[in-house]
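These are the residues of each chain, in order.
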Amino acid sequence: MLTDAKLRALKPKDKLYRVTDAAGLLVEVPVSGGLRWRFRYRFNGIPKMLSLGTYPSVSLAQARARRDGARAQVANGVDPSASRQEAKRERALALAPVHTFRSVAELWMVRQDVAEATASKSRWIFNTFLYPDLGDRPIKEITGRDLLETLRKIEGKDMLETAKRAKIKAGQVFRFAIIEGFADIDPTTSLRGALKAPKVKHHAAIVDPHKVGELLRAIDGFSGQYVTLCALRFAPLVFVRPGELRQAEWSEFDLDASVWRIPGARMKMKAAHLVPLSKQAVTVLRELHGFTGHGRFVFPSIRSASRPMSENTINAALRRLGYTGDEMTGHGFRSLAATRLNEMGWNADAIERQLAHAESNKVRDAYTHAAQYLKERTRMMQAWADYLDGLKAGGKVVAFKSPAGSAA
């Protein structure tokens, strides 16, 4: 390990060299002289290097403390390099002399604790529709008329749902600007009813029992990637949201206890969720573990094991099986379960809890809320898997019901 005496004895050579300390900490000696602290680590399997300052401005003890802080971030799933860049960007945006719509929107996005897929959709709306007209304008000067003209352009392309979402995003930015002192009013409040209402379009789903059986048999005959086949088999057994499915990590599963614990950070409503696993679901996972169990993601991308499966994979596989987007989608497995389980007499509250529809702000990220109706949900999930097996086998369709008087 390094000491101050060893550090003072280090001299430049004809090329840069490094001397290690411990736990990823090292000192770099460039040709030009001076000593630079570096922390070497891996994030998602990718080797990275983080600057920790220069010696002696940053002492050996301080460098070790900074290394320990960075190691803790890595252990918690945070890339310290990306975190530093984000903090630097936030400081720059906050200190900008003129607060434009773009600078305030960027600062607002930095401060949001949302899934990457959600953040990407927000960036797309801002970059494609809002920034071209409003991005470089001082946010204080933007009026309701200015915003309406921009939204009407989207509406004119018959993108009614996108226009609605753009208005919502703009409103979130303006309200954030008011809180931060960058603006005085939210012009979206004057636009209520100004846009055409988009037609409500539900996720396509197959709910007829006989057709469900045909779908399950078609899935078993899927000839594409094995990981995709497993995802298709697993989806109807757990009926979680598509994003929760494709981003599933092996560390979240206890196969011996037959439970999947999804952390709040990955849930739409930011509340932790428990998924009881049927015997059939555990079988799918145990078979898949031999293929992807060495990595982070249960269903990794075919291009890189360090990334989860693409959000289009399940729907593309359903198209390959001959089901159009108007017939069945990855989200449709949730509609299928919700429809049939309610018709079969299971406790509506238990179904809603399993669908993670009703979340509690008071217990976010706590599994006490996630465990509500857990005994009944465990029975329900096994009965549901058995019912699907019956449909797949093509036998007589019998609607089962939950045990009378079952306790939550």
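As a starting point, this report considers the structure included with it. (Residues numbered from 1 in each chain as written. Predicted model: local features only at pLDDT ≥ 70, side-chain atom pairs only at ≥ 80, totals over all residues. Heavy atoms only, no water.)

Regarding the sheet that holds strand S5 (residues 253-254)
Move 1: Read across the open sheet, the three strands follow the order S5-S6-S7; overall the sheet is antiparallel. Each edge of the open sheet carries a strand with a single partner, namely S5 and strand S7 (273-276).
Move 2: Bridging between S5 and strand S6 (residues 259-262) involves two bridges; their strand directions are antiparallel. Across the sheet, residue Phe 253 finds its bridge partner in S6, namely Trp 260. (Pairing = 2+ DSSP bridges. Helix = DSSP H or I, 4+ residues; strand = E, 2+ residues; numbered from the N terminus.)

Topic: the pattern of salt bridges
Move 1: With the rule as written, the count across this model stands at 21 salt bridges.
Move 2: Salt-bridge contacts for Asp 220 lead to Arg 233; the nearest nitrogen and oxygen are separated by 3.1 Å. Of the two residues, Asp 220 sits in helix H8 (residues 209-220) while Arg 233 sits in helix H9 (residues 226-238), which places them 13 residues apart along the sequence.
Move 3: Judged by its relative accessible area of 34%, Asp 220 falls in the partly exposed class.
Move 4: Relative accessible area serves as the criterion here: at 27%, Arg 233 is assigned to the partly exposed category.
Move 5: A salt bridge links Lys 392 to Asp 220; the nearest nitrogen and oxygen atoms lie 3.2 Å apart. (Salt bridge = Lys/Arg side-chain N within 4 Å of Asp/Glu carboxyl O. Buried < 20%, exposed > 50% of the residue type's maximum accessible area, 1.4 Å probe, protein only.)

Let's talk about the packing of aromatic side chains
Move 1: Throughout the structure, instances matching the rule amount to 16 aromatic pairs.
Move 2: Relative to Tyr 41, the ring of Phe 39 lies with its centre 5.3 Å away and its plane at 10 degrees, an arrangement referred to as stacked.
Move 3: On the basis of relative accessible area, Phe 39 is assigned to the buried category, the value being 3%.
Move 4: Of the residues examined, Tyr 41 reaches a relative accessible area of 5% and is grouped as buried.
Move 5: Centre to centre, the rings of Phe 234 and Phe 299 are 6.0 Å apart; their planes meet at 45 degrees, and the pair counts as tilted. Of this pair, Phe 234 sits in helix H9 while Phe 299 sits in the loop between helix H11 (279-292) and helix H12 (313-320), placing them 65 residues apart in sequence. A single burial state applies to Phe 234 and to Phe 299, both of which are buried.
Move 6: By the ring-pair criterion, three or more aromatic residues cluster together here, those being Phe 101, Trp 108, Phe 126, Tyr 131 and Phe 174.
Move 7: Across the ring face of Tyr 17, the terminal group of Lys 13 is positioned such that the distance to the ring centre comes to 4.5 Å.
Move 8: Over the face of the ring belonging to Tyr 131 we find Arg 102, whose NZ or CZ atom lies 4.6 Å from the ring centre. (Phe/Tyr/Trp six-rings, centres within 6.5 Å; stacked < 30°, edge-to-face > 60°. Lys NZ or Arg CZ within 6 Å of the ring centre and 35° of its normal.)

Comments concerning the sheet that holds strand S2 (residues 25-29)
Move 1: One open sheet holds the four strands; their spatial order is S1-S2-S3-S4, and the pairing between them is antiparallel. Looking at the sheet topology across the chains shown, the edges are occupied by strand S1 (17-20) and strand S4 (46-55). Within this sheet the neighbouring strands show an average axis-to-axis angle of 30 degrees, counted without direction.
Move 2: Relative to S2, S1 runs antiparallel, the two being bridged by four bridges. The residue of S2 that forms the bridge with Arg 18 is Glu 28. (Axes fitted to C-alpha atoms, helices over the stretch in contact; angles between N-to-C directions.)

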